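# Structure assessment
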Amino acid sequence: SAVISQKPSRDICQRGTSLTIQCQVDSQVTMMFWYRQQPGQSLTLIATANQGSEATYESGFVIDKFPISRPNLTFSTLTVSNMSPEDSSIYLCSVELAGGGTQYFGPGTRLLVL
Amino acid sequence: QKEVEQNSGPLSVPEGAIASLNCTYSDRGSQSFFWYRQYSGKSPELIMFIYSNGDKEDGRFTAQLNKASQYVSLLIRDSQPSDSATYLCAVNMGGSARQLTFGSGTQLTVLP
């Protein structure tokens with residue numbers, strides 16, 4: 001497996017503001033993903049973070065709301081823009097290691113929007 | 001709509017018993033199947049994966065896959081209170097996509 005860190009671990013934000021979440025892995029990975037887990041719910045994929053190109057978004061998620069960057073093989077950011085209370089959730093990054101088919105999750109970022 | 005369904009539970013078993021968790025999926029082309037354990041307030045932790053029909057054992061955990069029936073299960077033998085968690089079934093639908101589709105999870109409680 002790999003050591004995956006996320007920053008911040010939690011935050012409380014005001015509506016209308018934006019928050020950028022960072023995901024760092026200690027080894028090179030082939031794939032990086034961003035998921036959302038709303039309270040009491042399962043995981044929903046937001047997008048696949050592609051290195052050096054635009055992220056691939058799932059239905060219901062758009063780049064203007066959730067811009068994603070992945071400048072290299074070990075780092076990605078997710079921004080939650082113009083936040084509303086409905087964005088209160090846990091945001092998780094996951095990685096697929098080179099040579100493997102399994103995904104490992106970071107510790108998550110707990111976001112509360114007031 | 002490609003779906004993954006799990007018994008929502010909650011499921012309670014006594015300590016030492018076998019816990020059986022079930023998952024069905026809609027896409028016949030699905031290739032990879034995963035079980036994650038999620039403790040309250042924590043992120044999902046991978047505990048098992050299975051790619052081929054049949055059983056795969058790892059310690060007290062056994063994953064079972066039946067592609068013809070589009071069914072995957074997780075058995076936990078000699079259940080312990082520390083196994084109390086939500087268990088998430090995840091499926092890779094195959095093709096060029098590598099992302100996972102998750103079920104809603106089954107909450108398991110092991111009673112001492």
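Placed above this text is the structure.
Residues numbered from 1 in each chain as written. Chains lettered and ligands numbered in written order. Predicted model: local features only at pLDDT ≥ 70, side-chain atom pairs only at ≥ 80, totals over all residues. Heavy atoms only, no water.

Turning our eyes to something else, we now look at the state of the cysteines. Each disulfide consists of a covalent bond between the sulfur atoms of two cysteine residues. With the rule as written, the count across this model stands at 2 disulfides over all chains. What pairs with Cys23 of chain A in a disulfide is Cys93 of chain A, and their sulfur atoms sit 2.0 Å apart. Taking the torsion about the sulfur-sulfur bond, which here is approximately 65°, the covalent link between Cys23 of chain A and Cys93 of chain A counts as right-handed. Taken together, the residues Cys23 of chain A in strand E3 (residues 19-25) and Cys93 of chain A in strand E9 (residues 89-97) connect sequence positions 70 residues apart. One exposure class covers both Cys23 of chain A and Cys93 of chain A, and it is buried. Paired by a disulfide, Cys23 of chain B and Cys89 of chain B hold their sulfur atoms 2.1 Å apart. Measuring handedness by torsion sign, the sulfur bridge of Cys23 of chain B and Cys89 of chain B sits at about -70° and is left-handed. On the criterion of sequence distance, the pair formed by Cys23 of chain B in strand E3 (residues 19-25) and Cys89 of chain B in strand E9 (residues 85-92) is long-range, its members being 66 residues apart. (Disulfide = S-S within 2.5 Å. Helix = DSSP H or I, 4+ residues; strand = E, 2+ residues; numbered from the N terminus. Buried < 20%, exposed > 50% of the residue type's maximum accessible area, 1.4 Å probe, protein only.)

Before going further, it helps to examine the interface of chain A and chain B. On the chain B side, the residues contacting the 20 residues of chain A number 17 residues. Summed over both partners, the interface of chain A with chain B buries about 1,400 Å², with 54% contributed by carbon and sulfur atoms. Between chain A and chain B we count 0 salt bridges in total. At the boundary of chain A with chain B, the tally comes to 6 residue pairs in polar contact (both at pLDDT 80 or more). Looking at side-chain class alone, the side of chain A that touches chain B contains 9 nonpolar, 8 polar and 3 charged residues. (Contact = heavy atoms within 4.5 Å. Buried area = accessible area lost by both parts, 1.4 Å probe. Salt bridge = Lys/Arg side-chain N within 4 Å of Asp/Glu carboxyl O. Polar contact = N/O pair within 3.5 Å; in protein donor to acceptor, adjacent residues only side chain to side chain. Nonpolar A, V, L, I, M, F, W, Y, C, P; charged D, E, K, R; others polar.)

Once that is clear, we can look at unusual backbone geometry. Geometrically, the link from Lys7 of chain A to Pro8 of chain A is a cis peptide bond, its omega value of -10° lying close to zero. You can see Pro8 of chain A is positioned in the loop between strand E1 (4-7) and strand E2 (10-13). Here Gln70 of chain B, not a glycine, exhibits a phi torsion of approximately 55°, which is positive. Secondary-structure assignment places Gln70 of chain B in the loop between strand E7 (61-66) and strand E8 (71-76). Notably, Asp78 of chain B is not glycine yet its phi reads approximately 50°, a positive angle. Assignment of secondary structure puts Asp78 of chain B in the loop between E8 and E9.

Grouped together as the largest cluster of nonpolar side chains are 27 residues, with contacts concentrated most on Trp34, Ile46, Phe66, Ile68, Leu78, Tyr91 and Leu111 of chain A. Where this core is concerned, the elements lending two or more residues are E3, strand E4 (29-37), strand E5 (43-49), strand E8 (75-80), E9 and strand E11 (109-113) of chain A. Beyond its immediate chain neighbours, meaning those up to four positions away, Tyr91 of chain A contacts Gln6, Ile21, Tyr35, Arg36, Ile46, Phe66, Leu78, Val80, Gly108, Thr109 and Leu111 of chain A. Counting residues in hydrophobic clusters, the runner-up holds 24 residues, among them Ala19, Tyr25, Phe33 and Leu108 of chain B. (Core = buried A, V, L, I, M, F, W, Y, C linked by side-chain atoms within 4.5 Å.)

Turning to the sheet that holds E3 of chain A, a few remarks are in order. In a beta sheet, neighbouring strands pair by backbone hydrogen bonds and run either parallel or antiparallel. All names here are of chain A. Reading across from one edge, E1-E3-E8-E7 is the order of the 4 strands in this open sheet, with antiparallel pairing throughout. Across the chains shown, the open sheet's two edge strands, defined by having one partner strand only, are E1 and strand E7 (68-72). Ignoring strand direction, the axes of neighbouring strands in this sheet form an average angle of 15°. By the bridge criterion, 4 bridges tie E1 to E3 in an arrangement that is antiparallel. Bridging across to E3, Ser5 finds its partner in Gln24. (Pairing = 2+ DSSP bridges. Axes fitted to C-alpha atoms, helices over the stretch in contact; angles between N-to-C directions.)

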